[in-house]
Amino acid sequence: MQLDTVSRSVGSLVAETRSGRSEQSDSDARDANVSRRSRVECFGNYDGMQRSFQGYIQFIDDYSHEPVGDRRHDMLNVQKEQPFNAEPKPHLLIREHRTPTALFYVRSHGSVPACPDATRFRLQVDVGLALGLEGTGRNEGAQGRGVHQWSLIALQQQFQFTEVEACLQCAGNRRTELVERTKRPVKGVGWHQAAIGNALWGGFLLADVLRATLQRAGVDERQLEVMPSDVFIELEGADWVPEEEWRRKATGRPPPGYMASLSWSMVMGSASKAGAVPPVLLATHMNGAPLTADHGYPLRCVVPGVYGARSVKWLWRLSLRRGHSDGFFVERDYKVFSPATEAAYVNWNAAPPLMEVNVQCAACVPSGRIWKLWRQQQQRQVYRRADQASMLVPVWGYAYSGGGRRIIRVDVSGDSGASWTVARLIFHSKNVDEHGLQPISSPTRTAESDCYTPGLERPTGNADNNMALHLATVNGYAWCRWYAALSIRPPCEIWCRAVDEAANTQPDDVRGCWNFRGVAHNSTYRIQVDVSDGPQARL
Ligand SMILES: Nc1nc2c(c(=O)[nH]1)N[C@H]1C(S)=C(S)[C@@H](COP(=O)(O)O)O[C@H]1N2
Ligand SMILES: [Mo]
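Attention here is on the structure that accompanies the text. Keep in mind it's a predicted model, so treat the numbers as computed, not measured. (Residues numbered from 1 in each chain as written. Chains lettered and ligands numbered in written order. Predicted model: local features only at pLDDT ≥ 70, side-chain atom pairs only at ≥ 80, totals over all residues. Heavy atoms only, no water.)

## Details of the packing of aromatic side chains
To keep things clear, this is the line we draw: In this scheme Phe, Tyr and Trp rings, the latter by its six-membered ring, pair at centre separations within 6.5 Å, and the angle between planes marks the pair as stacked below 30 degrees, edge-to-face above 60, and tilted otherwise. Throughout this description, buried means an accessible area under 20% of the type-specific maximum (1.4 Å probe, protein chains only), exposed means over 50%, and partly exposed covers the range between. Helix and strand labels come from DSSP, where a helix needs a run of H or I of at least four residues and a strand needs a run of E of at least two; each type is numbered from the N terminus.
In total, this model carries 16 aromatic pairs according to the counting rule given. Centroid distance phenylalanine 53 to tyrosine 56: 6.4 Å. Interplanar angle 45°. Geometry classified as tilted. Across the pair, tyrosine 56 and phenylalanine 53 agree in class, each one buried. Ring centres of tyrosine 56 and phenylalanine 121 lie 5.6 Å apart, and the angle between their planes is 90°; on these two criteria the pair is classed as edge-to-face. Here phenylalanine 121 lies in the loop between strand S7 (106–107) and strand S8 (123–126) and tyrosine 56 lies in strand S4 (residues 56–59), a separation of 65 residues in the sequence. The class of phenylalanine 121 is buried, set by a relative accessible area of 0%. Joined through ring pairs, the aromatic side chains of Phe53, Tyr56, Phe121 and Trp316 make up one cluster.

This is the structure we're talking about:
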């Protein structure tokens, strides 16, 4: 694992709950396995459109309980109200290295479940598979061998509180641009370039919780070393999602919530798979505060380096199983197909579930993809002139790649890729306090020492001149921001593309990126700069 990726502290904030009530004792937590109330909760309690279980209240197809108070519509572009999908305004997104929670995009597939009393919350972990028991563990309230429940206080007492700074990106990020540029429609919520954010997540390592559960269940340590390669960990949220409703008829039971699955080796590491395993977190905190309802309160998974779709919110159940989950969002969504494949005749089994993020960058200042400059603006030298015909404009953006691969360069062009300028990379902001909660600062005031400009001369003796040395201190699960003072001659097109440490870069041709779900779009980001006469009276 890279330096500084993970910081751990024993002190924990988990005892704070939204209701402000103190948590019950650990022994209570264990007894809850057999208490009557807990069993009733496990099997589900119906009251019209509500269901309660494991401390959650799930609102079935009912959006009247949404946490509207937590949402700052004035800073977000709402792409869909029900379910709630919103992204921040791009120029706000780029202002801080750590995205404030109020600005962090929200992507939900159904109604937000409530957890009014976190002391009643239980995480159910089913390791029956390791005991030779088959099944998916999707049998609600299964109290058999290999099923263990963890209260928040038990998690806090048993495991080290761990903080990881990680970027989450929705697989649908830049979908609107994909459609507009290819003129081919896709299925999915429209997103501009801001369905991405970089936050400090706090919680417990999933690997620690799994190992402890397996130990409790009496599984031999040595067995963990020889887990078959098709063992996966299924994760389930407590939300209601319409896509799983069909199962109600098929099984006669309430359908599962949003699901995802992660391979055993990805979470636990394995002898056969060398290399770093991402610090997969069961997170209780975001940017130093308990998770908000929109982001998964009280517990969510955070899978660094992987598309946001696998970071299950409102997590209530984990279970070992053979093969990937058969959940809708694993089998029939979040897969990338050829531009030749149309929705009508897709064979979903022909592609694996999307996991690691491809290399990505986009500009956020200027914030739109069409930038209209008034001729007068140009003439009155609002922007500094490089020479008689060109002007210098500031361009700001973010760059990120999956699998922990760090960004090594961002190239920016003012003439549709004919010539390129190397952007200055900003990997972290040293004036951000421990929890990243300092007031919004202007990007122009970013400390010089946080910047790295490959290929540009720096003062002698500055270690940052050595990119390899510099990267050793960089967390590959976080994004970086970048800046370029670009000389342009409008009308023109600004292009930008990132390069990661495996030398992956973004394709120039958007047509090859098209797929009918519009996921994983990472073609070269482009801004069209037009000159127009503008409203003369105003100037
Ligand atoms: N339970 C649950 N988890 C979920 C989702 C969901 O709809 N339900 N959406 C997923 C998707 S597609 C993304 S991109 C991220 C978004 O996380 P955020 O809303 O905290 O930004 O959550 C993931 N986890
Ligand atoms: Mo997503």
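## Some thoughts on unusual backbone geometry
Residues valine 365 and proline 366 are joined by a peptide bond in cis, for which omega reads 0°. Assignment of secondary structure puts proline 366 in the loop between strand S18 (360–365) and strand S19 (370–374). With an omega dihedral of 0°, the bond running from proline 490 to proline 491 counts as a cis peptide bond. In this structure, proline 491 sits in the loop between strand S25 (480–488) and strand S26 (492–500). One non-glycine residue with positive phi stands out, namely glutamine 54, at about 50°. By secondary structure assignment, the location of glutamine 54 is in the loop between strand S3 (50–53) and S4.

## Topic: the site of ligand 1
Our working definition: Distances are taken per atom, and a residue is near a molecule or strand as soon as one of its heavy atoms is within 4 Å of it. Pairing of N or O atoms within 3.5 Å defines a polar contact, subject to two protein rules: one partner must be a possible hydrogen donor and the other a possible acceptor, and residues neighboring in sequence count only if both atoms are side-chain atoms. Buriedness for pockets is judged along seven lines, at least five of which must meet protein on both sides within 12 Å for an open set on the 1 Å grid over protein atoms alone, while cavities are sets there where a 1.4 Å probe fits but cannot get out, and lining residues have an atom within 4 Å of a point. More than half of a molecule's atoms lying within 2 Å of a cavity's or pocket's grid points is what places that molecule inside it. Amino acids outside the nonpolar list (Ala, Val, Leu, Ile, Met, Phe, Trp, Tyr, Cys, Pro) and the charged list (Asp, Glu, Lys, Arg) are all regarded as polar, and Gly is one of them.
Around ligand 1, the surrounding shell holds 19 residues, and the nearest of these are Tyr105, His109, Asp239, His295 and Lys313. The backbone of serine 311 places a nitrogen or oxygen atom 3.0 Å from a nitrogen atom of ligand 1. Lysine 313 places a polar side-chain atom, nitrogen or oxygen, 2.6 Å from an oxygen atom of ligand 1. The cavity where ligand 1 resides is the largest cavity. Its residues assigned to classes, the shell around ligand 1 shows nine nonpolar, six polar and four charged.

## Description of the pattern of salt bridges
The following threshold applies: For salt bridges, the criterion is a side-chain nitrogen of Lys or Arg within 4 Å of an Asp or Glu carboxyl oxygen.
In this structure the tally under the stated criterion is 21 salt bridges. Residue glutamate 177 is joined to arginine 174 by a salt bridge in which the shortest nitrogen-to-oxygen separation is 2.7 Å. Ionic pairing is found between arginine 247 and aspartate 326, a salt bridge with its closest N-O pair at 3.8 Å. Taken as a pair, arginine 247 in helix H8 (residues 246–251) and aspartate 326 in the loop between strand S17 (315–322) and helix H10 (328–331) lie far apart in primary sequence, 79 residues in all. Assessed through its relative accessible area of 9%, arginine 247 is described here as buried. Accessibility expressed as a relative area gives 27% for aspartate 326, which makes it partly exposed. Put simply, Glu234, Glu236, Arg317 and Arg321 are held in one network by salt bridges that share partners.

## Observations regarding the sheet that holds strand S13 (residues 259–263)
Stated formally: Two strands are counted as paired when DSSP detects at least two bridges linking them. Here an angle of 0 to 180 degrees is reported between the N-to-C directions of two axes, which are lines fitted to C-alpha atoms, with helices fitted over the stretch in contact. It only takes one pair of heavy atoms within 4.5 Å for two residues to be counted as in contact.
Here five strands make up an open sheet; going across it, the order is S9-S8-S17-S12-S13 and the pairing mixed. With one partner strand each, in any of the chains shown, strand S9 (147–150) and S13 form the two edges of the open sheet. Strand after strand, the sheet turns through a mean of 20° between neighbouring axes, direction not considered. Summarising the sheet, strand S12 (residues 231–237) and S13 pair through five bridges and their orientation is antiparallel. Residue pairing for S13: glutamate 234 is matched across the bridge by serine 261. Where helix H6 (residues 206–216) meets the sheet, it contacts S8, S9, S12, S13 and S17, and its direction lies at approximately 130° from that of S9.

Read these as layout, nothing more, since geometry by itself doesn't imply function.
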